[in-house]
Amino acid sequence: PEPIGGCLLLSPNMVAYINQQHRFAVSLNEFADVADPSVLPLSVALSGDSAGKDGDALPPLSLDAVRHTFISNTRLLLATKTGELWLLRLEHDGPRARDIRISRAASTPFASAMCALGTRYLFLASRVADSLLIHYRAKTDDDVRAEKRRAHAQARATKVAEARLRAEELDAEQAAAAQAAMAAAA
């Protein structure tokens, strides 16, 4: 894919990126194996899902009978035989690829074929269910940052609420102890 160049290889158990200077692969499940790791370094596929925790290991995934289409130069949609859509992102620093991130995008019927129509539509053809025309919007870096800020603010608000609740419980215990002490003194 431009501007990086190289080749993206999909197999049932791993995804590999290879160009003349750089190569690496990510395993998708426990069956991924490389004969010589010095030739093709293999790492665990990491989630790129902003709704979850970015950088978590993916659940086991198989690309057996997968359908795919590029939706941008560095993003590839994968439709699995189990009816899930996965987004594969080729992370890069300028002209050098550095990582592959994969995140679950949606559930769909099994896709017999798929193709991107322009920059906003995806057509999924299915022999076993209704075909779908999907309008999508790619998340921008600003969208991802805003989601992370909201999640951080929500976590902070939860911690504050828990601290207030603990303080109220302690105040109630201290008040009960003080009343018991006054009753005992009387």
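Structural data are supplied above this passage.
Thresholds, definitions, all that
Residues numbered from 1 in each chain as written. Predicted model: local features only at pLDDT ≥ 70, side-chain atom pairs only at ≥ 80, totals over all residues. Heavy atoms only, no water. Patch = residues over 30% accessible without salt bridge, like charges linked within 9 Å, V, L, I, M, F, W, Y side chains within 5 Å. Areas by Shrake-Rupley, 256 points an atom, 1.4 Å probe, with all protein chains shown as cover. Salt bridge = Lys/Arg side-chain N within 4 Å of Asp/Glu carboxyl O. Lys, Arg positive; Asp, Glu negative; His and termini not counted. Charge placed at Lys NZ, Arg CZ, Asp CG, Glu CD. Helix = DSSP H or I, 4+ residues; strand = E, 2+ residues; numbered from the N terminus. Buried < 20%, exposed > 50% of the residue type's maximum accessible area, 1.4 Å probe, protein only. Pairing = 2+ DSSP bridges. Axes fitted to C-alpha atoms, helices over the stretch in contact; angles between N-to-C directions. Polar contact = N/O pair within 3.5 Å; in protein donor to acceptor, adjacent residues only side chain to side chain. Contact = heavy atoms within 4.5 Å.

**What to know about a negative patch on the surface**
Inference 1: Taken together, Glu168, Glu169, Asp171 and Glu173 make up a surface patch of like negative charges.
Inference 2: Inspection of the secondary structure assignment puts Glu169 in helix H1 (residues 141–185).
Inference 3: Of the residues examined, Glu169 reaches a relative accessible area of 42% and is grouped as partly exposed.

**Some points on the sheet that holds strand S1 (residues 7–10)**
Inference 1: Strand order in this open sheet of four strands is S1-S2-S3-S4, and the pairing throughout is mixed. The two strands at the open ends of the sheet, each matched to only one other strand, are S1 and strand S4 (42–44). The mean angle between the axes of side-by-side strands here comes to 20°, regardless of whether they run parallel or antiparallel.
Inference 2: Inspection of the sheet shows S1 paired to strand S2 (residues 14–18) by four bridges, in the antiparallel sense. Bridging across to S2, Leu8 finds its partner in Tyr17.

**Observations concerning the sheet that holds strand S11 (residues 121–125)**
Inference 1: Sheet architecture is open: three strands sit in the order S10-S11-S12, paired in antiparallel fashion. Whereas interior strands pair on both sides, the edge strands pair on one side only; in this sheet they are strand S10 (113–117) and strand S12 (132–135). Strand after strand, the sheet turns through a mean of 20° between neighbouring axes, direction not considered.
Inference 2: Across four bridges, S11 lies against S12 in antiparallel orientation. Each residue of the ladder has a partner; that of Phe123, found in S12, is Leu133.

**With respect to the side chain of Glu91**
Inference 1: If you trace the backbone, Glu91 turns up in strand S8 (residues 84–93).
Inference 2: On the accessibility criterion, Glu91 (18% relative accessible area) is buried.
Inference 3: At a separation of 2.7 Å, a polar atom in the side chain of Glu91 contacts the side chain of Arg89.
Inference 4: Contact partners of Glu91, with chain neighbours within four places excluded, come to Ala97, Arg98, Asp99 and Arg101.

These figures come from the coordinates and say nothing about function on their own.
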